[in-house]
Amino acid sequence: MQLKRNPINTLSLQNETKFRLFQTCLNNDQTDADLKEQGEAFSIILQWLNEETVLLTPEFEKAYAKTSQAYLLRANALVQQLSADLANSPPAWLADLVPSFDSLLVGFTLNVDHFAVTAYLKSLCKDSLDAFNFDTHLNASNENKGDEARHTGENNTSYHKEANSTSSHVIEVCYEPELQAAMVDAFKKDPALATIAKPSYENDISAVERHTQLSAKDIIDLHCAKPYRVFTVGFLPNFAYMGLTDSKLTMPRLSSPRTKVPAGAVAIADNQTAIYPQTSPGGWHILGYTWQDLSGGDNASVNFMAGEQVQFKSISITRFIEQYLKRLSDNHQSLSAHQNKLASATKTTQRQANNKSKSAVLSIKNKGFYSQLVDAGRKQSMAQGFTPSGAMDWRAYMLGNALLGNDLHAPGIEVCLGPFACEFNQNAVVSVVGASASIFINGKAVEARFGVLALKKGDVLEIKQIGEINASSNLFCDHLINLIGRQNVQEQAHSLNTATQGLVLGGMRVYLAIQGGIDAPLLFDSVCSVMREGSGGLNGDGQGLQNNDELYTKPFKSSEQHVATTLLSDDEIDEVLSSNIFKRFKMPYRKAWQQYDLAYIMNQASSDDEKTFMHYGNDPAVNIHLLPSYQWQNFNRSERSKLFVSEFKTTQQSSRMAIRLAGDSLKINDKQLWSQGLCNGAVQCAGDGQLMAMLNDRQTIGGYPVIGVVDAISRGILAQLKPGTSIRFVQSDILQSTYNQHMFIRFALQVKESVLKRCAKR
């Protein structure tokens, strides 16, 4: 097999001779037997999505229709094999893998050259394809179709999870629309159920009847007629994508996804079927519900793996209710405490045991609207359906740690909207960075020079008026930008009046970092909590911080120094700003770029025809830089143009999972799209043509077409935009956005180094 660059007509960028997304076609001269008989070529496409991800997609030229089972079986077999090959011998830069139906999302770290990743993946694909035999793989996958249902609680923490041989699971489903009313009656009759949140059992079977022109009985019979193959697991932990359904059951996704689909919902979309293991947003049509616990882990009825077989079985409402209540009993959960699943007292005792030699640094007095522990995000979690999470405004989070001399990825607190208050049980040094806010210590307003505060035992820190323009705004970036003004750096792009409105005015998230970093339980090497998954966080239940929670810190390498020694002087900040960060910086793979000043790096503002949009408030439309990728070519030229000339508004339905936008609807060409891995910033186009920018707590896999990806700098800006803010997309490219990201991280590292040097001098 020979590998060669295929001159694919890829994405047209602002300066095509200088910038390109590297989309490489790997041609395989040795195809499988069926393809050889038809004389067709086989290839793999590599497509760069953003600064940290690449998508691999097998391509069978003309041999199979993309909708055919033959195509999907072969593509999925190869995707699973490539994923296994990467997982078995992971390169140092590999961050995560998301195998899907016919594509493989590969995440990598920022300390690697893009071209090195390309070369490695080329070599991997060559070796994998040389050794791969489709017929052998598919035959092995179908040897045990008759096996009885297997229930397992194994928690596999590797990248790649696939059944060695196909197991068969039987899932009982109640398809009757009357289930909702029956469950309401059951809850009324049994006082023990009074404390349990009343579940909702919406059903779309009547809508499916209208679309397919089939009766409800025919729909149920077709759905239960055959076993389905698990093609991949993603979106949520233990969410199994299965197919293919009978062509008569083909349904488009909902034009606008539901914000909440109940756990246990059995649904269909396109030629696929799945079960929602947890309550979650979703855009599929619900046919019925299973009583079986599919939430994943030791207590789950089934833990799905790619390659397995699933058979649905229709049951009555009576059977559903009986088994639902029995499941609660079998899990040894008292009905009155079902909402709490694991008693917080037990969790607190466990935390105290882990920190028995320490005393808590602070306790939460007012969690505000929502506050949670954050860091750089989970590692190697997406392959198992767990979102990576992480700090939403990664720039503010990193700067907060840098100002204290912490590791840039040290755990801290993300405060959304507030007001927030905590009491310190011992002396501590903290930083407060992010949106505009007013800071109080023991009820008295204070000025946080560079965002850093030295606190004493007994002090109460309050963060109020988050995002309000009349807040004191005494955060690090305010002072920093004024220093930039003294150096006349801002004259390269914008007036001081414009520059000082940016990072510190408006917004909705503030980051509280503590010297040494917060010590908390880890899931996938991260302290982050994700409510919709019910995973992570201080108590392991996915909940954010609660009043009276106690937090501990890790030792700081320079903790023997006086707490005030981390406060940098104006001269020292000037030294950072005048260092090599403002000189030409040569990337390892490209020629030197034009000098970018700090205002550009922090605020994504161009020095020519774009104005600064560091402002988080109600200024004219905020520029959000977008990398065309994924299904960009599936949108016609007029729709792509509409994306860049229209304004969109952020909506109230936005969250850590996604920023939903309202504006001109976009139309996509009618092409088959199988669910695919979603990278951070992927902009999905829903069935109604409205856009959603997927962010940190996104699902790992999604089925709506993606027109492009928001770049890293703009993702931090999006995270701070309040509902109702106007945005405008600006076309960008992979190398420029990667450069900007590297430059900001380099700046944060220089701030950290300056802090540590000052500690060493004292």
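Report follows, based on the coordinates.

So, how was this worked out
Residues numbered from 1 in each chain as written. Predicted model: local features only at pLDDT ≥ 70, side-chain atom pairs only at ≥ 80, totals over all residues. Heavy atoms only, no water. Helix = DSSP H or I, 4+ residues; strand = E, 2+ residues; numbered from the N terminus. Buried < 20%, exposed > 50% of the residue type's maximum accessible area, 1.4 Å probe, protein only. Contact = heavy atoms within 4.5 Å. Areas by Shrake-Rupley, 256 points an atom, 1.4 Å probe, with all protein chains shown as cover. Phe/Tyr/Trp six-rings, centres within 6.5 Å; stacked < 30°, edge-to-face > 60°. Lys NZ or Arg CZ within 6 Å of the ring centre and 35° of its normal. Salt bridge = Lys/Arg side-chain N within 4 Å of Asp/Glu carboxyl O. Axes fitted to C-alpha atoms, helices over the stretch in contact; angles between N-to-C directions. Parallel < 35°, antiparallel > 145°, perpendicular 65-115°, else oblique. Pairing = 2+ DSSP bridges. Arc of directions from axis to C-beta.

Regarding the overall build of the protein chain
Each helix and strand counted, the protein chain has 17 helices and 37 strands in total. Residues counted as buried form 61% of the 762 residues belonging to the protein chain. At a minimum sequence separation of 6, the contacts of the protein chain that also span at least 24 residues come to 74%. If you sum the accessible surface of the protein chain, you get close to 29200 Å²; carbon and sulfur atoms cover 47% of it.

Points about the environment of Gly307
Residue placement: Gly307 occurs in the loop between β13 (285-289) and β14 (309-314). A relative accessible area of 3% places Gly307 in the buried class. Separated by 76 residues in the primary sequence, Gly307 and Phe231 place their C-alpha atoms 6.1 Å from one another.

Describing unusual backbone geometry
Note: most peptide bonds trans; most residues except glycine with negative phi. With an omega of -5 degrees, the peptide bond running from Gly243 to Leu244 counts as cis. Inspection of the secondary structure puts Leu244 in the loop between β8 (240-243) and β9 (258-261). Its identity is not glycine, yet Asn442 carries a phi of approximately 55 degrees, on the positive side. Turning to its location among the elements, Asn442 is positioned in the loop between β20 (438-441) and β21 (444-445). Classification of Asn442 by relative accessible area gives partly exposed; the value is 49%.

Quick notes on the environment of Ala686
Along the chain, the position of Ala686 falls in the loop between β33 (682-685) and β34 (691-694). Between the alpha carbons of Ala686 and Ile668 there is a distance of 9.9 Å; along the sequence they are 18 residues apart. In contact with Ala686, other than residues within four places in its own chain, are Ser255, Pro257, Met692 and Tyr704.

Description of the packing of aromatic side chains
In total, this model carries 21 aromatic pairs according to the counting rule given. Between Tyr201 and Phe320, the ring centres sit 5.8 Å apart and the planes meet at 85 degrees, which makes this aromatic pair edge-to-face. Pair noted here: Tyr201 is in the loop between α5 (179-189) and α6 (205-212) and Phe320 is in helix α8 (residues 317-330), with a separation of 119 residues, a long-range link. We classify Phe320 as buried; its relative accessible area is 1%. By the ring-pair criterion, three or more aromatic residues cluster together here, those being Phe101, Phe231, Phe235, Phe239, Tyr241, Tyr276, Trp284 and Trp674. The ring of Tyr704 has Arg253 sitting right over it, with the charged end atom 6.0 Å from the ring centre. Directly above the ring of Phe440 sits Lys464, whose terminal nitrogen or CZ lies 5.0 Å from the centroid.

Describing the pattern of salt bridges
The final tally for this structure, using the stated rule, is 15 salt bridges. One continuous salt-bridge network, built from bridges that share partners, spans Glu414, Arg509, Arg656 and Asp697.

A look at the packing of α6 against helix α7 (residues 216-223)
Two elements in contact, α6 and α7, have axes whose closest approach is 9 Å; the angle formed by their N-to-C orientations is 95 degrees. With respect to α7, the axis of α6 lies roughly perpendicular. Only Ala216, Ile219 and Ile220 of α7 make contact with α6, whose side of the interface consists of Ile205, Val208, Glu209 and Thr212.

What about the sheet that holds strand β23 (residues 460-464)?
Here seven strands make up an open sheet; going across it, the order is β21-β20-β23-β18-β15-β28-β25 and the pairing antiparallel. Both outer strands of the open sheet, β21 and β25 (518-519), are each paired with one neighbouring strand and no more. Alignment of strand β18 (residues 420-424) against β23, held across four bridges, turns out to be antiparallel. What sits directly across from Cys422, in β23, is Leu461.

Details of the sheet that holds β8
One open sheet holds the seven strands; their spatial order is β6-β14-β7-β8-β11-β10-β13, and the pairing between them is mixed. Each end of this open sheet is capped by a strand with a single partner; those strands are β6 (168-173) and β13. Looking at each pair of strands side by side, their axes are set apart by 35 degrees on average, direction ignored.

Some remarks on helix α15 (residues 637-645)
Buried within α15 are the following residues: Glu639, Arg640, Leu643 and Phe644. Projection of α15 onto a plane perpendicular to its axis shows the buried side chains occupying an angular sector of 140 degrees, all on one side. Residues of α15 that are exposed and point more than 90 degrees away from the buried face comprise Arg637 and Val645. Where the residues of α15 are buried, they touch β29 (622-628), β30 (648-650), β34, β36 (706-710) and β37 (726-731).

With respect to the pairing of β8
Burial along β8 is two-sided: the face carrying Ala240 and Met242 and the face carrying Tyr241 and Gly243 are both buried. With four bridges connecting them, strand β7 (residues 228-233) and β8 associate as antiparallel partners. Among the inter-strand pairings, Val233 is bridged to a residue of β8, identified as Ala240. Between β7 and β8, which follow one another and run antiparallel, lie six residues, and Phe235 among them has a positive phi close to 70 degrees. Across two bridges, β8 lies against strand β11 (residues 272-275) in antiparallel orientation. Directly across from Met242, in β11, lies its bridge partner Thr273.

Remarks on the side chain of Gln676
Position of Gln676 relative to the elements: it lies in strand β32 (residues 676-677). The buried category is assigned to Gln676, whose relative accessible area is 3%. Sequence-distant contacts of Gln676, defined by excluding residues within four places in its chain, comprise Ser100, Ser103, Tyr630, Gln631, Thr700, Ile701, Gly702, Tyr704 and Val706.

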